[in-house]
Amino acid sequence: MIISFPSIQRTKVVVTILTFCFVTLAYFVLTNHFRSKYLREERYSSPLRQAKSCDQWSCSQAMISKSGNWAHPRPELPEAAFEEWIFEHKGQVESSHQLSSEIVVFAGDEIIEMWIRHSSPSKENVPLDRYVWETSFVSNTVSFNLGIRGDRVQDLGWRLENGILGTTDEIDPVVITIMIGAHDIESGESTEVIIEEMRHMVKMITEKRSETAILLIGPLPRGDEGDESQVHWDSKRNNYFSRITAINQELSQLPQEFGDLVFYVDCSSYFLTKRRHEKLALSKHLMYDYFHLTSAGYERLSSCIHSPLHTAYVTAMSIRYS
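The structure presented is a predicted model; accordingly, all values stated were derived computationally and were not measured. (Residues numbered from 1 in each chain as written. Predicted model: local features only at pLDDT ≥ 70, side-chain atom pairs only at ≥ 80, totals over all residues. Heavy atoms only, no water.)

Applying the stated criterion across every chain yields a total of 15 salt bridges. One salt bridge connects Arg 149 with Glu 113, and the closest N-O pair in it is separated by 2.8 Å. Residue Arg 149 is located in the loop between β4 (142-147) and α6 (153-161), and its partner Glu 113 is located in helix α4 (residues 110-113); the two are separated by 36 residues in the primary sequence. Residue class for Glu 113 comes out buried when judged on its relative accessible area of 4%. (Salt bridge = Lys/Arg side-chain N within 4 Å of Asp/Glu carboxyl O. Helix = DSSP H or I, 4+ residues; strand = E, 2+ residues; numbered from the N terminus. Buried < 20%, exposed > 50% of the residue type's maximum accessible area, 1.4 Å probe, protein only.)

The tally for this structure, following the rule as stated, stands at 3 aromatic pairs. For the pair Trp 233 and Phe 241, a centre-to-centre distance of 5.1 Å together with 70° between the ring planes defines the contact as edge-to-face. For Trp 233, a relative accessible area of 9% translates into the label buried. Taken together, the ring pairs in this structure connect Phe 82, Trp 85 and Trp 158 into an aromatic cluster. For Arg 222, the ring lying beneath its charged end belongs to Phe 291, and the centroid distance is 4.1 Å. (Phe/Tyr/Trp six-rings, centres within 6.5 Å; stacked < 30°, edge-to-face > 60°. Lys NZ or Arg CZ within 6 Å of the ring centre and 35° of its normal.)

With that settled, consider the packing of helix α3 (residues 79-96) against α6. Here α3 crosses α6 at 45°, and the two axes come no closer than 11 Å. In terms of orientation, α3 and α6 fall into the oblique class. Between α3 and α6 the crossing geometry is right-handed. Of α6, the residues touching α3 (which contributes Trp 85, Ile 86, His 89 and Gln 92) are Asp 155, Trp 158 and Arg 159. (Axes fitted to C-alpha atoms, helices over the stretch in contact; angles between N-to-C directions. Parallel < 35°, antiparallel > 145°, perpendicular 65-115°, else oblique. Left-handed = near helix turned anticlockwise from the far one by under 90°. Contact = heavy atoms within 4.5 Å.)

Checked against the element boundaries, Thr 177 lands in strand β5 (residues 175-179). Those residues within four positions of Thr 177 in sequence are excluded, and the remaining contacts are Val 104, Val 105, Phe 106, Ala 107, Leu 215, Ile 217 and Leu 309.

Tallied over the entire structure, the rule returns 1 disulfide. There is a disulfide in this structure between Cys 267 and Cys 304, and the S-S distance comes to 2.0 Å. Its S-S torsion of about -90° marks the bond between Cys 267 and Cys 304 as left-handed, since a negative value means left-handed. Of this pair, Cys 267 sits in the loop between β7 (262-265) and β8 (273-274) while Cys 304 sits in helix α11 (residues 295-320); the two residues are 37 residues apart in sequence, bridging distant segments of the chain. You can call Cys 304 buried: its relative accessible area is 5%. (Disulfide = S-S within 2.5 Å.)

This is the structure in structure tokens:
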């Protein structure tokens, strides 16, 4: 076959365009890979970044005063944002005083806060926390959400101390369900500090509400948005794996330390899927950014806590009415 000169020219143009597209794509893929790797390493190892976090509070010392009270909360917030945080806290406290004493409290960061904003796929417009009660063991129980986005252990401790566990005994929850610590881990706080603050929080609750059960939900597996390598749940590729595993191990010992009204559940297995070679990984179906939960993720969390929450509730009620 004879190829005319124009055909050859067109072929060269097509090849040139395809080559350019391939090189450009490869450049962006490789650049994004190394940029993500650099940012991930800088985020977790840079003294400047850790100093920027730690000079706001402390990553090596629990935020508890000598008198045993919690230190000033959310020091990293600008004044306007802090006023908004205080306003939200006060609103929750005021709302809690309108409830009966036989409530189940959910306390934590935005993982708890956002729970009431997701509807169950099987029952539209019903918050998942109430969906648990209405379809299981405590149809007449009121659940109350005390989640505020961005909070760390010390912030939640301050809110409890200066809120529902304050000077009044009117609010006496049957169970306080606590899920907190993700932002402590992210900010660089040591595992020892996180556990010390968790232990202090549990101690505070047991002293102020001796007939209230405590259900501790361990921190969930997580990654970083935009960093696909974080999808893997192992010590080599996920920056959170070792610390979350260690914290869950420590939290699992607290029920033995504090007695029959303290419970713990690790929901990690509910959020991990198996990939090739039986490797565990996170799923965007359950965590849309490898941290915050989807509606399906909240369904998993509800399933995980159902049994231990039932046990905690029944145990507390039996003590109250024995």
